[in-house]
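Spelled out from the first residue to the last, the chains are:
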Amino acid sequence: MCGMPQRPPIRSTPPRPSRPDASMSLITNVMDHSLDDGYAEAAARKKSAGEGGLPKTLRARLGLAAGLVLAALVVTVGAAQARVAAPVVAKERQELIDRIDRETAAADKLEDSVDQLRDDVEARQRQALSHSGGNAQADLAGILAGATEVHGPGVKLVVNDAKEAGSGGSGNPRESSGFSDTGRVRDRDMQRVVNGLWQSGAEAVSVNGQRLTALSAIRAAGDAILVDNRPLVPPYTVLAVGDGQRLSSRFQDSPDGLYLNALQDNYGIRTAISVESDLRLPAAPSVIVRTARPTAEQTKTGKGTS
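Residues numbered from 1 in each chain as written. Predicted model: local features only at pLDDT ≥ 70, side-chain atom pairs only at ≥ 80, totals over all residues. Heavy atoms only, no water.

Draft legend 1. Summary view of the overall build of the protein. Secondary structure summary: the protein contains 7 helices and 8 strands in total. Per-residue burial for the protein yields a buried fraction of 23% across its 306 residues. If you take every contact in the protein between residues at least 6 apart in sequence, the share linking residues at least 24 apart comes to 71%. With the model as given, the accessible surface of the protein reaches about 22700 Å², and the carbon-plus-sulfur share is 56%. (Helix = DSSP H or I, 4+ residues; strand = E, 2+ residues; numbered from the N terminus. Buried < 20%, exposed > 50% of the residue type's maximum accessible area, 1.4 Å probe, protein only. Contact = heavy atoms within 4.5 Å. Areas by Shrake-Rupley, 256 points an atom, 1.4 Å probe, with all protein chains shown as cover.)

Encoded structure:
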């Protein structure tokens, strides 16, 4: 009896062990493929180009060398142009220096000529005033005209800027006249002082050694005070010949003296007045009258009839 062939027993395949992170497949995929495919391709191309081309450091060095060569070329061209232009500039500079020297010498010569003419005019004026033998009328004319040096009792008035004098300011009453309060003495202040002394009885006045005459002018040039176009610096010393005690009292009681006190109280301008027994005032440099002429009265006499 033939028996049927028996099948070999089927061996069961043992189950494959599962990965410990099987439940974290999404996170694992992200970690294994952190770069997008496009980024990966770009990185690969960049790597292949770097392997086939120049290293980065070499390209940087070549770029730096080219920049240095260009800078050296620019400097060289500039230096060459400067060397070419240097003689021309030096020549023009020397010509300007020579011209300044010539003009300065001419101005000095003219100034010397003006001084000589001024001395000559002053001498002729004094000679004309003393021509009548030194009578009282001629002496008085010389004193009043400022052409004669004088001395006598009088008043010494010193006016000085405030200790904290500045160069600008605003918001004060003095600004209405075109000046801001800076604690400085102004030309209009000195004008009032001088006019007040004349009105109080002064017979001769000088400011910082400059004798004042009927033609004198006190003006301003910036912060400087000019007397007959000559700049003065503070402190301003005003000498006035006259009856000292009376002159001092009348001036301090006058509107101009009160104005000076107001400047001292409100703006810190410093003043000092004293009575002097003997003051000496120089003569004015020159007194030139170009327009005014004396009027001479002539008496016409006719022949009488017999």
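Past the structure itself, the notes keep going.
Draft legend 2. Representation of a negative patch on the surface in the model. Together, Glu 92, Glu 95, Asp 98 and Asp 101 make up a negatively charged patch on the protein surface. As for its position among the elements, Asp 101 is in helix H3 (residues 56-129). Given the relative accessible area of 46%, Asp 101 is considered partly exposed. (Patch = residues over 30% accessible without salt bridge, like charges linked within 9 Å, V, L, I, M, F, W, Y side chains within 5 Å. Salt bridge = Lys/Arg side-chain N within 4 Å of Asp/Glu carboxyl O. Lys, Arg positive; Asp, Glu negative; His and termini not counted. Charge placed at Lys NZ, Arg CZ, Asp CG, Glu CD.)

Draft legend 3. Highlighting the pattern of salt bridges. Scanning all chains against the criterion turns up 2 salt bridges. One salt bridge connects Arg 184 with Asp 161, and the closest N-O pair in it is separated by 3.8 Å. Separated by 23 residues along the polypeptide, Arg 184 in the loop between strand E1 (150-160) and helix H5 (187-199) and Asp 161 in the loop between E1 and H5 bring together distant segments of the chain. Arg 184 sits in the partly exposed class, given a relative accessible area of 24%.

Draft legend 4. Quick peek at the packing of H5 against helix H6 (residues 244-253). Relative to each other, H5 and H6 sit at 130°, their axes nearing to 9 Å. Relative to H6, H5 is oriented oblique. For the pair H5 and H6, the sense of crossing is right-handed. Across from Val 193, Gly 196, Leu 197 and Gln 199 in H5, the residues of H6 making contact are Leu 247, Arg 250 and Phe 251. Counted by class, the contact of H5 with H6 contains 4 nonpolar, 2 polar and 1 charged residues. (Axes fitted to C-alpha atoms, helices over the stretch in contact; angles between N-to-C directions. Parallel < 35°, antiparallel > 145°, perpendicular 65-115°, else oblique. Left-handed = near helix turned anticlockwise from the far one by under 90°. Nonpolar A, V, L, I, M, F, W, Y, C, P; charged D, E, K, R; others polar.)

Draft legend 5. Inspection of the sheet that holds strand E5 (residues 224-227) at higher detail. The strand order E4-E5-E6 describes an open sheet built from 3 strands, whose pairing is antiparallel. The outermost strands of the open sheet, each flanked by one partner alone, are strand E4 (218-221) and strand E6 (230-232). The mean inter-strand angle of the sheet, taken between neighbouring strand axes irrespective of direction, is 40°. Bridging between E5 and E6 involves 3 bridges; their strand directions are antiparallel. From the neighbouring strand, Ile 225 faces E6, where its bridge partner is Leu 232. The sheet contacts of H5 involve E4 and E5, and relative to E4 the element is tilted by about 170°. (Pairing = 2+ DSSP bridges.)

Draft legend 6. Seen up close, a nonpolar patch on the surface. Together, Leu 70, Leu 73, Val 74 and Val 77 give the surface a local cluster of nonpolar side chains, amounting to about 380 Å² of exposed area. By secondary structure assignment, the location of Val 77 is in helix H3. On the basis of relative accessible area, Val 77 is assigned to the partly exposed category, the value being 41%.

Draft legend 7. Looking closely at the sheet that holds strand E8 (residues 270-281). The sheet built from 5 strands is open, its strands ordered E3-E2-E7-E1-E8 with antiparallel pairing. The open sheet terminates on both sides in strands that have one partner only, identified here as strand E3 (210-211) and E8. Sheet analysis places E1 next to strand E7 (residues 236-241), joined by 6 bridges and oriented antiparallel. The residue bridging Gly 154 from the neighbouring strand is Val 241, located in E7. Strand contacts of H6: E1, E7 and E8, with the helix running at about 150° to E8, the strand carrying the most contacts.

Draft legend 8. A look at the side chain of Gln 210. Locating Gln 210 in the fold gives a position in strand E3. Ignoring sequence-local partners within four residues, the contact set of Gln 210 consists of Val 205, Val 227, Arg 230 and Leu 232.

Draft legend 9. Spotlight on the nonpolar core. Grouped together as the largest cluster of nonpolar side chains are 26 residues, with contacts concentrated most on Met 190 and Val 238. Within the residue set of this core, elements represented by two or more residues are E1, H5, strand E2 (204-207), E5, E7, H6 and helix H7 (255-267). Those residues in contact with Val 238, other than ones at most four positions away along the chain, are Val 155, Lys 156, Leu 157, Met 190, Val 193, Leu 197, Val 205, Ser 206 and Val 207. One finds Val 150, Leu 239, Val 241 and Leu 279 within the second-largest nonpolar core, a separate group that totals 6 residues. (Core = buried A, V, L, I, M, F, W, Y, C linked by side-chain atoms within 4.5 Å.)

Draft legend 10. Inspection of unusual backbone geometry at higher detail. Residue Pro 235 follows Pro 234 across a cis peptide bond; omega there is 0°. Within the element layout of this structure, Pro 235 appears in the loop between E6 and E7. Although it is not a glycine, Asp 228 sits at a positive phi angle of roughly 55°. Within the secondary structure, Asp 228 sits in the loop between E5 and E6. What makes Asp 228 partly exposed here is its relative accessible area of 29%. In this model, Asn 229 sits at a positive phi of 65°, which is unusual for a non-glycine residue.

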